[in-house]
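Geometric and topological summary
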Amino acid sequence: GNPVVKIRGLPYRATPQDIVQFFQGYSFMPESIQFDIGQDGRPNGQCFVTFATPEEAQRAILERNKQYVGNRFVELYPANQ
C-alpha cells in the first residue's frame with residue numbers, strides 16, 4: 001500500500017484544509033486525511049495522511065517536521081513506526 005505519515009501535536013481545531021495547505025507542493029491524497037479521535041470522542045491532535053510514493057512521504061517528513069500548523073509545531077513520522 002501507499003506510505004502513510006502520522007502527524008502529532010496538531011491544534012485540536014485543525015481541519016483537513018489546514019493539512020492540505022501544510023502539504024502544498026507534495027504528492028498526497030487529500031481524501032486520505034484522517035483525524036484521530038481520543039477516548040473522549042474529540043480530536044487528540046493526531047492525523048494520518050497517505051502519500052503517493054515512499055520518496056514523497058520521506059521528503060514531507062524531512063522538510064515539514066517541526067513546522068507549524070496554526071500556533072502548534074507538529075511532529076511527523078512514518079505511521080508504521
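Relevant structure appears above.
To start, this report covers the structure provided alongside it. For clarity, every value in this text was computed on a predicted model and none was experimentally measured. (Residues numbered from 1 in each chain as written. Predicted model: local features only at pLDDT ≥ 70, side-chain atom pairs only at ≥ 80, totals over all residues. Heavy atoms only, no water.)

Here we look at the overall build of the protein
As a reminder of what qualifies: Secondary structure elements follow DSSP: runs of H or I no shorter than four residues count as helices, runs of E no shorter than two count as strands, and numbering proceeds from the N terminus. Every radius of gyration here is taken over C-alpha atoms, with the globule rule written as 2.2 Å times N^0.38, N being the number of residues. For every residue, the accessible area obtained with a 1.4 Å probe (protein chains only) is divided by the maximum for its type, and the residue is called buried under 20%, exposed over 50%, and partly exposed between those limits. Throughout, a contact is declared for two residues whenever any of their heavy atoms are within 4.5 Å. His is not counted, nor are the chain ends, whereas Lys and Arg count as positive and Asp and Glu as negative. Charge placement uses NZ in Lys and CZ in Arg. For Asp and Glu, CG and CD serve respectively.
For the protein, the count of helices and strands is 2 helices and 6 strands. Along the protein, helices (α) and strands (β) appear in the sequence β-α-β-β-α-β-β-β when read from the amino end. Whereas a compact globule of 81 residues would reach a radius of gyration of roughly 12 Å, the protein reaches 12 Å, a difference of no more than 12%. Of all 81 residues assigned to the protein, the portion counted as buried reaches 32%. Considering only contacts in the protein between residues 6 or more positions apart, those separated by 24 or more positions represent 62%. Between the averaged position of the 8 positive side-chain charges in the protein and that of its 8 negative side-chain charges there is a distance of 8 Å.

So, the nonpolar core
Filter applied, for reference: What is meant by a nonpolar core is a set of buried Ala, Val, Leu, Ile, Met, Phe, Trp, Tyr and Cys residues, joined one to another through side-chain atoms within 4.5 Å.
Counting residues in each nonpolar core, the largest one holds 19 residues, and the members touching the most others are Ile 7, Leu 10, Ile 19, Phe 23, Val 49, Phe 51 and Leu 76. When contributions to this core are tallied by element, the ones reaching two or more residues are strand E1 (4–8), helix H1 (16–22), strand E3 (43–50) and helix H2 (54–64). Looking at which element gives the most residues to this core, the answer is H2, with 3 residues. Apart from the residues within four sequence positions on either side, Phe 51 is in contact with Asn 2, Pro 3, Val 5, Phe 23, Tyr 26, Ser 27, Phe 28, Met 29, Glu 56, Ala 57 and Ala 60.

Concerning the pairing of E3
Each regular strand displays side chains that alternate between the two surfaces of the sheet. Selection criterion: For two strands to be treated as a pair, DSSP must find no fewer than two bridges joining them.
In this structure, E1 lies alongside E3, joined through 5 bridges in antiparallel fashion. Across the sheet, Arg 8 pairs through a bridge with Gln 46, a residue of E3. Where strand E2 (residues 34–37) lies against E3, 3 bridges are found, and the strand directions are antiparallel. Considered in E3, the bridge of Gln 34 is made with Phe 48.

Here's the deal with the environment of Asp 18
Inclusion rule: Side-chain atoms alone can form a polar contact between residues adjacent in sequence; in general such a contact is a pair of N or O atoms within 3.5 Å, and within protein one must be able to donate a hydrogen while the other accepts it.
Residue position: Asp 18 is located in helix H1. Sequence-wise, Asp 18 and Ile 37 are 19 residues apart; in three dimensions their C-alpha atoms are separated by 17 Å. Not counting residues up to four positions away in its chain, the partners in contact with Asp 18 are Arg 13 and Val 69. From its side chain, Asp 18 meets the backbone nitrogen of Thr 15 in a polar contact 2.9 Å long.

Digging into the sheet that holds E2
As a reminder of what qualifies: Simply put, an axis is a line fit to the C-alpha atoms, just over the touching stretch for a helix, and the angle between two N-to-C directions goes from 0 to 180 degrees.
Strand order in the open sheet formed by 4 strands is E2-E3-E1-E6, and the pairing between neighbours is antiparallel. Both edges of this open sheet fall to E2 and strand E6 (75–78), since each of them pairs with a single strand only. Taking each pair of neighbouring strands and ignoring which way they run, the sheet shows an average axis angle of 25 degrees. Here H2 sits on the sheet and contacts E1 and E6; the angle it forms with E6, its principal contact strand, is near 155 degrees.

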